[in-house]
Amino acid sequence: MTKSRTWLASGLGLVTAALTLTGTGVADARPAPADSTTVTPAGHAFAAKVNGKATFKAGSVTLTCSVSVSQPSDTGTNNHIPQAPDNTNPAGPVASDINPPTYSSCTTNMPGVTATVTTTGTWGVSMQNGSPASATLTVPTAGFVLQTSGLASCTVTSAPTGPSSVTGSWTNGSPSKITFVNAAVPVKVTGGFGCPTGAVTSAFNAVYDVTDVTDPASQITVSG
């Protein structure tokens, strides 16, 4: 009986230790909570315009566009910071729908090949306070289509099977900026000779100036 009680006590001790270790492991695996985010001025309309050039590289094909802008329309709520109190999230990003950015004055790295870009649907951007702060751009399904013509006729469709998001860094300033460096966007490429049909992602590089349209003297700011 004494030995039985000893073995039972030992077994309970092992079970308790195992549960303690398991509980500790689960707690350590939990992600850290996101920082509080506030975007100001609340309710103001904003525009995003490329500073320099935007480039997309899929396989051997590189597209460079010197003009790209998303701006509010006369009606609707796209390209607006949410009204207070929705411009603050105590544990995550603040999101806004935006009009699809246009891309023009585009060239390719392939001689004899021209390119046009069509963007559709409602896009989205969300800003997250942090060190550094970040901005995530969401492309709707097939919301970006690149069509080349000339010596190579290719179609490159971004986010081909569902919405896709890319994250860049946010910098407060005059104007504030969103910077994307080799952000991977899923793509589907179709076409004949010269088309990078094996590519499944495109590397996106761009810097966008974000300006206050409601009050040009104000700045769009992300803080905690």
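Below: a short report on this structure. (Residues numbered from 1 in each chain as written. Predicted model: local features only at pLDDT ≥ 70, side-chain atom pairs only at ≥ 80, totals over all residues. Heavy atoms only, no water.)

Bringing the nonpolar core into the picture now. Soluble globular proteins tend to bury their nonpolar side chains together. With 48 residues, the main nonpolar core has L63, Y103, F144, W170, F204 and Y208 as its most contacted residues. With 6 residues, the single largest contributor to this core is strand β14 (residues 176-191). Sequence-distant contacts of Y208, that is, excluding residues within four places in its chain, are made with A48, K49, V50, N51, A54, S68, Y103, S176, K177, I178 and F180. (Core = buried A, V, L, I, M, F, W, Y, C linked by side-chain atoms within 4.5 Å. Buried < 20%, exposed > 50% of the residue type's maximum accessible area, 1.4 Å probe, protein only. Helix = DSSP H or I, 4+ residues; strand = E, 2+ residues; numbered from the N terminus. Contact = heavy atoms within 4.5 Å.)

We now examine unusual backbone geometry. For the bond running from T40 to P41, omega is 0°, close enough to zero to count as cis. Mapped onto the elements, P41 comes out in the loop between β1 (37-40) and β2 (46-50). P85 follows A84 through a cis peptide bond whose omega is 10°. Among the structural elements, P85 can be located in the loop between β4 (61-70) and β5 (88-89). Backbone geometry at S105 places phi at a positive 55°, although glycine is not the residue there. With respect to the helices and strands, the residue S105 is situated in strand β7 (residues 102-108). Phi is positive for N182, close to 50°, though the residue is something other than glycine.

This part is about the pairing of strand β9 (residues 123-128). Of all 6 residues in β9, 6 are buried; the element is thus mostly enclosed. Alternating residues of β9 divide into W123, V125 and M127 and G124, S126 and Q128, and every residue in both groups is buried. Note that strand β6 (residues 94-98) and β9 share 5 bridges and pair antiparallel. Paired with S96 across the two strands is V125, which belongs to β9. Between β9 and strand β10 (residues 133-139), which pair antiparallel one after the other, the connecting turn spans 4 residues. (Pairing = 2+ DSSP bridges.)

Attention now goes to the sheet that holds β1. Here we have 3 strands laid out as an open sheet, ordered β5-β1-β16, and antiparallel in their pairing. Across the chains shown, the open sheet's two edge strands, defined by having one partner strand only, are β5 and β16 (221-223). Bridge analysis of β1 against β5 gives 2 bridges, and the strand direction is antiparallel. Bridging across to β5, T38 finds its partner in T88.

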